[in-house]
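Report on the structure
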Amino acid sequence: MACCPKSIIEDVLKKHDKITHVYFVACGGSYAGLYPAKYFLQSEAKDLIIGHYSSNEFCHATPKALGKDSIVITQSFSGTTPETVRAAGIAQEAGAASIVITNKPESPLAQNGDYVLVPEKGSTANSGQAYSLKLAVEILNQTEGYENYDEMQNGFDRIDKIVGNATQFIAPRAEKWAKMYKDEKLIYTMGSGSAYSVAYSFAICLLMEMQWINSSAIHSGEYFHGPFEITDRETPFIVFMSEGRTRPLDQRALDFLKQYAEKLMIVDVKELGINTIDDKVVEFFNPLLLVHAIRVFAQKLSEERKHPLTVRRYMWKLEY
């Protein structure tokens, strides 16, 4: 059953007496893509209990609270990730509402979904990441009520234009960065709030998976609790500066890095036009913008390294 996030949640609430738990389940880039929705609900919901699981962990260590009072939102671009397919099946077996986000409506994952959302190509507002966030907004608004619902909808209306302008603006900087960093063997990423998901996906997907560059995502709030000891003038960092409540975490880390690190790239959403979105909700849109910015950086880096983003050593080639 494919439809829009609002009507999906309306239908779920007709068929389920109440919803007490919401689980976001996926792997890799899709796992990161669900993080902003998880962050939103954890931040704004008063009664709902939220979980965010890597798919195989959800399958092997299934939460006992999973049941008819639950919604499970899974995502896989191909719709064939075995762990995620199984996770959606477990959700159905438990009587939970299974909502699937996938590019392939006839995929195995879609077969295990009570509801299927297919992202629109070329649209940030209707991307997989945005669909999961829209689902989260609808879940909150239709169960507890959400005072900033209209501001969120206005943000979704604005995000495509913001992204289009931002990717053009940042391309020259990304090209310069790529030339400087193309021979690096390790690059750390850093972010906070909902944008931590972008630091994470840039590290594990775009750098480690697609460029075979060692990396690790550091939460800005955790930087001073261990990681800052590796800071020196030879170690590269890329810092994603959020707008919203967690920006002071990023700023504190950045202030230190500016003193003791030289290989430093800053990607600040304020420079990329995010502030046309209402201050009350802008923090939830940070990753929708930044995920497109990092793709520009990754593409430029792959061109300088002559290592296409599609090249793999093991993935899809071996049994694992």
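This structure is a prediction, so every number in the text was calculated from the model and none was measured. (Residues numbered from 1 in each chain as written. Predicted model: local features only at pLDDT ≥ 70, side-chain atom pairs only at ≥ 80, totals over all residues. Heavy atoms only, no water.)

This part covers the overall build of the protein. Helices and strands together make up the secondary structure of the protein, namely ten helices and nine strands. For 320 residues, the compact-globule estimate of 2.2 N^0.38 gives 20 Å, and the C-alpha radius of gyration of the protein, at 19 Å, lies within 12% of that figure. The contacts of the protein with a sequence gap of at least 6 include a subset with a gap of at least 24, amounting to 75%. Total accessible area on the protein is roughly 14,500 Å²; 50% of this is exposed by carbon and sulfur atoms. Distance between charge centres in the protein, computed from 34 positive and 39 negative side chains, equals 5 Å. (Helix = DSSP H or I, 4+ residues; strand = E, 2+ residues; numbered from the N terminus. Rg over C-alpha atoms; globule rule 2.2 N^0.38 Å. Contact = heavy atoms within 4.5 Å. Areas by Shrake-Rupley, 256 points an atom, 1.4 Å probe, with all protein chains shown as cover. Lys, Arg positive; Asp, Glu negative; His and termini not counted. Charge placed at Lys NZ, Arg CZ, Asp CG, Glu CD.)

Right, let's talk about the packing of aromatic side chains for a bit. Note on aromatic pairs: each is described by the distance of the centres and the angle between the planes. For the structure on display, the rule yields 22 aromatic pairs. Pairing F224 with F256 gives two aromatic rings, centres 5.6 Å apart and planes at 90 degrees, and the pair type is edge-to-face. Note that F224 is positioned in the loop between β7 (214–219) and β8 (237–241) and F256 in helix α9 (residues 247–260), a separation of 32 residues in sequence. By way of ring pairs, the aromatic residues Y188, Y223, F224, F228, F237, F256 and Y260 are connected into one cluster. When the ring centre of F156 is taken as origin, the NZ or CZ atom of K134, which lies over that ring, is 5.1 Å away. Between the NZ or CZ atom of R252 and the centre of the ring of F224, over which it lies, the distance is 4.1 Å. (Phe/Tyr/Trp six-rings, centres within 6.5 Å; stacked < 30°, edge-to-face > 60°. Lys NZ or Arg CZ within 6 Å of the ring centre and 35° of its normal.)

By secondary structure assignment, the location of L140 is in helix α6 (residues 128–143). Judged by its relative accessible area of 1%, L140 falls in the buried class. In this view, L140 contacts F40, L41, E44, A45, G145 and Y146; residues no more than four positions away in its chain are not counted. (Buried < 20%, exposed > 50% of the residue type's maximum accessible area, 1.4 Å probe, protein only.)

A full pass over the atoms with the stated rule returns 15 salt bridges. The partner of K179 in a salt bridge is E304, and the shortest N-O contact between them spans 3.0 Å. Of this pair, K179 sits in helix α7 (residues 149–181) while E304 sits in helix α10 (residues 286–305), and the two are 125 residues apart along the sequence. Taking the shortest distance from any N to any O, the salt bridge between R245 and E283 comes out at 2.7 Å. Note that R245 is positioned in the loop between β8 and α9 and E283 in the loop between β9 (264–268) and α10, a separation of 38 residues in sequence. (Salt bridge = Lys/Arg side-chain N within 4 Å of Asp/Glu carboxyl O.)

This paragraph deals with the sheet that holds β9. Pairing is parallel in the open sheet, where four strands are placed in the order β7-β6-β8-β9. In this open sheet, the two strands that pair with only one neighbour each are β7 and β9. Strand-to-strand twist of the sheet, defined as the mean angle between neighbouring strand axes without regard to direction, takes the value 20 degrees. As paired elements, strand β6 (residues 186–191) and β8 share three bridges and run parallel to each other. Each residue of the ladder has a partner; that of Y188, found in β8, is F237. (Pairing = 2+ DSSP bridges. Axes fitted to C-alpha atoms, helices over the stretch in contact; angles between N-to-C directions.)

With that settled, consider the side chain of S201. Tracing the backbone through its elements, the reader meets S201 in helix α8 (residues 196–211). By relative accessible area, S201 is classed as buried at 10%. Once residues lying within four places of it in the same chain are set aside, the contact partners of S201 are A32, L206 and I294.

Let us look at the nonpolar core. Note on soluble globular proteins: their nonpolar side chains tend to be buried together. Of all hydrophobic cores here, the largest spans 79 residues; its most connected members are F40, L41, I73, M152, F202 and V267. In contact with L41, not counting residues within four places along its chain, are V22, F24, L48, I50, A136 and L140. By size, the runner-up hydrophobic cluster in this structure holds 13 residues, among which are Y188, I218, V239 and A253. (Core = buried A, V, L, I, M, F, W, Y, C linked by side-chain atoms within 4.5 Å.)

Take the sheet that holds strand β5 (residues 115–117) next. Strand order across the open sheet formed by five strands is β2-β1-β3-β4-β5, with parallel pairing between neighbours. Looking at the sheet topology across the chains shown, the edges are occupied by β2 (49–54) and β5. Mean inter-strand twist for the sheet, computed between neighbouring axes without regard to direction, equals 20 degrees. Sheet topology note: the strand β1 (residues 21–26)/strand β3 (residues 70–75) ladder contains six bridges and is parallel. Within the sheet, the bridge partner assigned to H21 lies in β3 and is S70.

Another aspect to go through is α8. The largest bend in α8 amounts to roughly 35 degrees and is located at F202. The buried fraction of α8 amounts to 13 of the 16 residues, a majority that puts the element mostly inside the structure. (Bend = angle between axes of the 7 residues up to and from the residue.)

Two elements in contact, α6 and α10, have axes whose closest approach is 10 Å; the angle formed by their N-to-C orientations is 175 degrees. On the basis of their axis angle, the class for α6 and α10 is roughly antiparallel. Contacts between α6 and α10 involve Q129, A130 and L133 on the former and, on the latter, P287, L288 and V291. In terms of residue class, the contact of α6 with α10 is made up of five nonpolar, one polar and no charged. (Parallel < 35°, antiparallel > 145°, perpendicular 65-115°, else oblique. Nonpolar A, V, L, I, M, F, W, Y, C, P; charged D, E, K, R; others polar.)

Spatial relationships are all this shows, so hold off on functional conclusions.
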